[in-house]
Amino acid sequence: MPAQTIDGVALSKQIRGEVAQRAAALSALGITPGLAVLLVGDNPASQVYVRNKVKACQEAGLHSVLETYPAEFGEAELLARIAALNADPTIHGILVQLPLPRHIDEQRVIEAIAPAKDVDGFHVASAGALLVGRSGDEAGFRPCTPYGCMKMLESIGCDPRGRHAVVIGRSNIVGKPMALLLLQAHATVTICHSATADLAHHTRQADIVVVAVGRRHTLTADMVKPGAVVIDVGMNRDEAGRLCGDVDFDGVREVAGALTPVPGGVGPMTITMLLANTVEAAERSARRRLQTH
Ligand SMILES: Nc1nc(=O)c2c([nH]1)NC[C@@H]1CN(c3ccc(C(=O)N[C@@H](CCC(=O)O)C(=O)O)cc3)C=[N+]21
């Protein structure tokens, strides 16, 4: 029997409905959650993504502003825009689309965002809160992609407690925070990466596998324990130019218990959790205002 497919579009629809209700409740108080998206350069893929984010905001009743700048835009100018948005009370979340042109220091730009508006969860303050197990608890934000992956596990009743989870990839935006969220959920976590000696040895023991490498067919059927849950964070193109993930979907489907598709899996959930973080940021801001007046 082939594995269950975890539908990121359907789950997104449900969560975005809840987000829209929270946004409407805030709007009724005169606080419409607002997201600013900053794009530097003319990468066509980035342009598609940021347009999707802005459209998702509109559909959920969030206010959004998109600022696009030419590839030559200077780092100092970008930092000045972030400072202005940090001070703008109508903006609760700031997202600077990555990657940035090479002449701009990404980490410096991320650290310039007010931690209270760091809805991507990339600021060291968010990363630190996650490390000490306080993410989401008025301190920091969970990075959207790993957060979405946790929601997908929850949606099929997969509780990581006591399970062996293997994360492939150690990036700051997916692999590392994914491992920390699974650890917080009481999984036994192994992080594999490009220098791992025998990847299949690890993945064959896993009850949960999260693949975030950026290379097609990183996970094949022979590497998967029967019944395991597989989450595919990859985004690649096949020979025909079609979007595909890091998992050999057709093969792994015959072995796994559940798996996420690409497209229609983690991608939509990433945008969904961005909306959720933005509403959360606005709710925290409203609570702070109530406390100080
Ligand atoms: N500061 C920042 N934050 C990000 O969250 C961020 C970023 N920079 N830079 C680029 C990556 C990529 N990313 C995606 C989100 C959704 C889809 C998505 O919805 N994908 C659809 C398909 C889209 C298509 O058809 O091309 C899907 O998988 O079904 C894809 C990619 C967010 N990123």
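Residues numbered from 1 in each chain as written. Predicted model: local features only at pLDDT ≥ 70, side-chain atom pairs only at ≥ 80, totals over all residues.

Within an unreviewed UniProt entry, the label attached to the protein chain reads Bifunctional protein FolD, and the organism entered is Piscinibacter sakaiensis. One UniProt comment on the protein chain, placed under Sequence similarities (unreviewed entry), says "Belongs to the tetrahydrofolate dehydrogenase/cyclohydrolase family." Here is the UniProt Pathway (unreviewed entry) comment for the protein chain, exactly as written: "One-carbon metabolism; tetrahydrofolate interconversion." (UniProt positions renumbered as here; feature names shortened; annotations may be inferred.)

**Some remarks on the overall build of the protein chain**
A count of helical and extended segments in the protein chain gives 10 helices and 11 strands. The C-alpha atoms of the protein chain give a radius of gyration of 19 Å, which matches the 19 Å a tight globule of 293 residues would have. Considering only C-alpha atoms, the protein chain reaches an extent of 55 × 40 × 35 Å along its principal axes. Expressed as a percentage of contacts within the protein chain between residues at least 6 apart in sequence, the contacts between residues at least 24 apart total 67%. (Helix = DSSP H or I, 4+ residues; strand = E, 2+ residues; numbered from the N terminus. Rg over C-alpha atoms; globule rule 2.2 N^0.38 Å. Contact = placed C-beta atoms within 7 Å.)

**Remarks on the UniProt feature "domain: Tetrahydrofolate dehydrogenase/cyclohydrolase NAD(P)-binding" (unreviewed entry) in the protein chain**
Residues given the UniProt feature "domain: Tetrahydrofolate dehydrogenase/cyclohydrolase NAD(P)-binding" (unreviewed entry) here are residues 143-285. Overall, residues 143-285 shows 36% helix and 17% strand. The separation of its end C-alpha atoms is 19 Å.

**Notes on the site of the ligand**
In the vicinity of the ligand there are 17 residues, among which Leu98, Pro263, Gly264, Gly267 and Thr270 approach most closely. Counting residues per element, the ones that place at least two in the shell around the ligand are helix 2 (44-59), strand 4 (93-96) and helix 10 (266-292). Per-element accounting of the shell around the ligand gives the leading share, four residues, to helix 10. Here the residues of the shell around the ligand sort into 11 nonpolar, five polar and one charged. (Near = placed C-beta within 6 Å. Nonpolar A, V, L, I, M, F, W, Y, C, P; charged D, E, K, R; others polar.)

**Topic: the domain arrangement of the protein chain**
On domain assignment, one finds that the protein chain holds domain 1 (28-120) and domain 2 (144-267). Between domain 1 and domain 2, the C-alpha centre-to-centre distance is 28 Å. (Domains from an automatic or database assignment.)

**Quick notes on the nonpolar core**
Of all hydrophobic cores here, the largest spans 88 residues; its most connected members are Val209, Val210, Val230 and Leu275. Take this core: its biggest share by element is 10 residues, from helix 10. Looking at this core, you find at least three residues from each of domain 1 (28-120) and domain 2 (144-267). Among all residues touching Val230, those that are not within four sequence positions of it are Val209, Leu219, Val224, Val247, Val252, Ala256 and Leu259. (Core = buried A, V, L, I, M, F, W, Y, C linked by C-beta atoms within 7 Å. Buried ≥ 20, exposed ≤ 12 C-beta atoms within 10 Å, placed from the backbone.)

**Section: the sheet that holds strand 2 (residues 34-40)**
The strand order across the open sheet formed by three strands is 3-2-4, and the pairing between neighbours is parallel. Only two strands of the sheet have a single neighbouring strand rather than two, namely strand 3 (63-69) and strand 4. Strand-to-strand twist of the sheet, defined as the mean angle between neighbouring strand axes without regard to direction, takes the value 15°. Alignment of strand 2 against strand 3, held across seven bridges, turns out to be parallel. By the bridge assignment, Val37 is partnered in strand 3 with Leu66. The strands touched by helix 2 are strand 2 and strand 3; relative to strand 2, the strand with the most contacts, the crossing angle is about 170°. The strands touched by helix 3 (residues 75-86) within the sheet are strand 2, strand 3 and strand 4, with strand 2 carrying the most contacts at an inclination of about 175°. (Pairing = 2+ DSSP bridges. Axes fitted to C-alpha atoms, helices over the stretch in contact; angles between N-to-C directions.)

**So, the UniProt feature "domain: Tetrahydrofolate dehydrogenase/cyclohydrolase catalytic" (unreviewed entry) in the protein chain**
Feature annotation in UniProt assigns "domain: Tetrahydrofolate dehydrogenase/cyclohydrolase catalytic" (unreviewed entry) to the following positions: residues 6-120. Taken end to end, residues 6-120 comprises 49% helix and 16% strand; its first and last C-alpha atoms sit 23 Å apart.

**Some details on the environment of Arg163**
Relative to the helices and strands, Arg163 resides in the loop between helix 6 (144-155) and strand 5 (164-168). For Arg163, a count of 19 C-beta atoms within 10 Å puts it in the partly exposed group. As for Arg163 and Asp207, which are separated by 44 residues in sequence, their C-alpha atoms are 6.0 Å apart. Beyond its immediate chain neighbours, meaning those up to four positions away, Arg163 contacts Ala187, Asp207 and Ile208.

**What about unusual backbone geometry?**
Peptide bonds are, in most cases, trans, and in most cases residues other than glycine have a negative phi. For the bond running from Leu98 to Pro99, omega is 0°, close enough to zero to count as cis. Topologically, Pro99 is positioned in the loop between strand 4 and helix 4 (106-112). Note that the residue after Val262, namely Pro263, is joined by a cis bond; omega there is 0°. Tracing the sequence through the fold places Pro263 in the loop between strand 11 (258-259) and helix 10. Backbone geometry at His186 places phi at a positive 75°, although glycine is not the residue there. Turning to its location among the elements, His186 is positioned in the loop between helix 7 (175-184) and strand 6 (188-192). The class of His186 is exposed, set by 12 C-beta atoms lying within 10 Å. In this model, His217 sits at a positive phi of 60°, which is unusual for a non-glycine residue. As for its position among the elements, His217 is in the loop between strand 7 (208-211) and strand 8 (229-232).

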